[in-house]
Amino acid sequence: MMKQRIAALLLAGLMLLSLSACGGGGDSSAGGSSGDKEGAYKMSVILKTTASEHWQLIMAGCRKFESEHPDVVIDITGPANETSYDDQQNMIETTLNNSEVDAIIIAPLQSETAATLIAGETRPVFALDTNIDAPEIVSFIGTGNEAAAKLGATEAVKAAKAAGWETIECIEIAGVKGDATNTARMNGYTAGVNENGGTFLADEIQYANAVADQAVTCMEAIIQTHPDGIAIVCANNDDMAVGAVRAAEGNPSFANTIFLGFDGSTGACQAILDGLLTMSVAQQPYEMGYLACQTAYDKLQGKDVDAVVDPGIEVISPENAQARIDKVNGYLAGQN
């Protein structure tokens, strides 16, 4: 009987040692993966997509902030494209049901849907890139899209005048119809053209769902309806602008057309340097991602935060396109 008791005690001791070795009371290393940061603030960032340079730069900004803060864990998700509404809705619902998340950052594909989903949420929620009209939103971190587009359109009208256009008309190749960011940029383009002596052709807006191949089709339609050319073609992102340029390339009627993009992507910058695209309104997505996480972090620490955090804009032209490329490549390589 005594031998059995001793054996039982030894077995119990071995079991306790095994539990301890499996982490029952051990410290997790902040230098490991994000999920190993014990006691950290947990942030969920839900993007419109992860499939373009703009969103990859936002992700890089978030990761930079995370790398500088051992007490932060950031989970980043996003659907395959900017029309995957149901996928993003599921991501938002999953996050809202996760009690371990301390702060939620959403770049909504559909602002009204997002507002409905977060109704009554008591944890801090932040809107990224596109605002959400809801009392639960603590801060909006993003570009003032209307003001930015207006600035770009103003510069485009100046360039059209310099290129010799007497009648300055502008057609927009728009993104996703009903998207709040798309609408804000459209309003800015309209104001920038009309207030500077041009005419924004609102009845001829072409929707390309924010993708280049559809923009090519839209540009082909513009060429058909304006065989003698048009002064300005503006687009809601750079992919669509470059697609439009490619569709019109070699057509002498559009040789002096001002093609205006939005985002300041490296592809657009190279197209500007190559003399194809004329200009682009550049957001600061890396800074946007970083500042979104910084704002959420400050709020979790009980600090006051601004209702609007704008990372700023710049208009990209041949004079500053190379500098923009170098900066973006540095961000994506993790060198900044």
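Residues numbered from 1 in each chain as written. Predicted model: local features only at pLDDT ≥ 70, side-chain atom pairs only at ≥ 80, totals over all residues. Heavy atoms only, no water.

Draft legend 1. Representation of the environment of C218 in the model. Mapped onto the elements, C218 comes out in helix α7 (residues 212–225). Taking relative accessible area as the criterion, C218 reaches 6% and is therefore assigned buried. Spatially, the C-alpha atoms of C218 and Q206 are 5.9 Å apart, while their sequence positions differ by 12 residues. If we skip the residues at most four places from it in the chain, C218 touches I173, Q206, Y207 and A208. (Helix = DSSP H or I, 4+ residues; strand = E, 2+ residues; numbered from the N terminus. Buried < 20%, exposed > 50% of the residue type's maximum accessible area, 1.4 Å probe, protein only. Contact = heavy atoms within 4.5 Å.)

Draft legend 2. Looking closely at the sheet that holds strand β2 (residues 72–77). The strand order across the open sheet formed by 6 strands is β2-β1-β3-β4-β5-β12, and the pairing between neighbours is parallel. Lying at the two open borders of the sheet, with one neighbouring strand each, are β2 and β12 (308–309). Of the strand pairs in this sheet, strand β4 (residues 125–128) and strand β5 (residues 137–141) are connected by 4 bridges, and their pairing is parallel. Of the residues in β5, the one forming a bridge with L128 is I141. Against the sheet, helix α2 (residues 53–68) contacts β1 (41–46), β2 and β4, and its axis sits at roughly 165 degrees relative to β2. (Pairing = 2+ DSSP bridges. Axes fitted to C-alpha atoms, helices over the stretch in contact; angles between N-to-C directions.)

Draft legend 3. The nonpolar core, seen in detail. Ranked by size, the top nonpolar core spans 28 residues in total, and within it I173, M219, F254, F259 and L277 carry the most contacts. Those elements that place two or more of their residues in this core are β6 (169–174), α7, β9 (232–235), α8 (238–248), α9 (266–273) and α11 (321–332). The contact partners of L277, leaving out residues within four places of it in the chain, are A241, V242, V245, F259, L260, G261, A268, A271 and I272. Grouped together as the second largest cluster of nonpolar side chains are 24 residues, A174, I232, C234 and I258 included. (Core = buried A, V, L, I, M, F, W, Y, C linked by side-chain atoms within 4.5 Å.)

Draft legend 4. The arrangement of α11 in detail. Relative to the 16 Å expected for 12 residues at 1.5 Å per residue, α11 spans 17 Å between its end C-alpha atoms, a close match to the ideal helical length. Within the span of α11, buried status applies to A321, R324, I325, V328, G330 and Y331. Buried residues belonging to α11 abut α2, β10 (258–263), α9, β11 (279–282), α10 (285–300) and β13 (314–316). Count one or two residues on from α11 and you reach G334, which has phi positive near 75 degrees. (Expected span 1.5 Å × (residues − 1).)

Draft legend 5. Just the packing of aromatic side chains, in detail. On inspection of all chains with the given rule, the structure shows 4 aromatic pairs. Measuring from centroid to centroid gives 5.6 Å for F65 and Y297, while their planes differ by 70 degrees, and the two rings are edge-to-face. Of this pair, F65 sits in helix α2 while Y297 is found in helix α10, placing the two residues 232 residues apart along the sequence. One exposure class covers both F65 and Y297, and it is buried. Summarising the aromatic geometry, the rings of Y286 and Y331 are spaced 3.7 Å apart at their centres and angled 0 degrees between planes, so their arrangement reads as stacked. In this pair, Y286 is assigned in helix α10 and Y331 in helix α11, connecting sequence segments 45 residues apart. Judged by relative accessible area, Y331 falls into the buried class, the value being 13%. Members of the aromatic cluster, each reached through a chain of ring pairs, are Y41, F65, Y290 and Y297. Above the plane of the ring of F262 lies R185, whose end atom (NZ or CZ) is 3.8 Å from the centre. (Phe/Tyr/Trp six-rings, centres within 6.5 Å; stacked < 30°, edge-to-face > 60°. Lys NZ or Arg CZ within 6 Å of the ring centre and 35° of its normal.)

Draft legend 6. Region of interest: α9. If you check which residues of α9 are buried, you get T266, A268, C269, A271 and I272. In this structure, the buried residues of α9 make contact with α2, α8, β11, β13 and α11. Where α9 terminates, the next one or two residues include G275, which has phi positive at roughly 80 degrees.

Draft legend 7. A look at unusual backbone geometry. In this model, D129 sits at a positive phi of 75 degrees, which is unusual for a non-glycine residue. With respect to the helices and strands, the residue D129 is situated in the loop between β4 and β5. Positive phi outside glycine occurs at A210, with the angle close to 70 degrees. Mapped onto the secondary structure, A210 falls in the loop between β8 (206–207) and α7.

Draft legend 8. Structural detail: the packing of α2 against α10. One can describe the packing of α2 onto α10 by two numbers: an axis separation of 6 Å at closest approach and a directional angle of 40 degrees. Of the possible angle classes, the one that applies to α2 and α10 is oblique. Of the two possible hands of crossing, α2 and α10 adopt the one that is right-handed. Taking contact as the criterion, the partners of H54, L57, I58, A60, G61, C62, K64, F65 and E68 in α2 are, on α10, P285, Y286, M288, G289, Y290, C293, Q294 and Y297. Considering only residue class, the contact of α2 with α10 consists of 11 nonpolar, 4 polar and 2 charged. (Parallel < 35°, antiparallel > 145°, perpendicular 65-115°, else oblique. Left-handed = near helix turned anticlockwise from the far one by under 90°. Nonpolar A, V, L, I, M, F, W, Y, C, P; charged D, E, K, R; others polar.)

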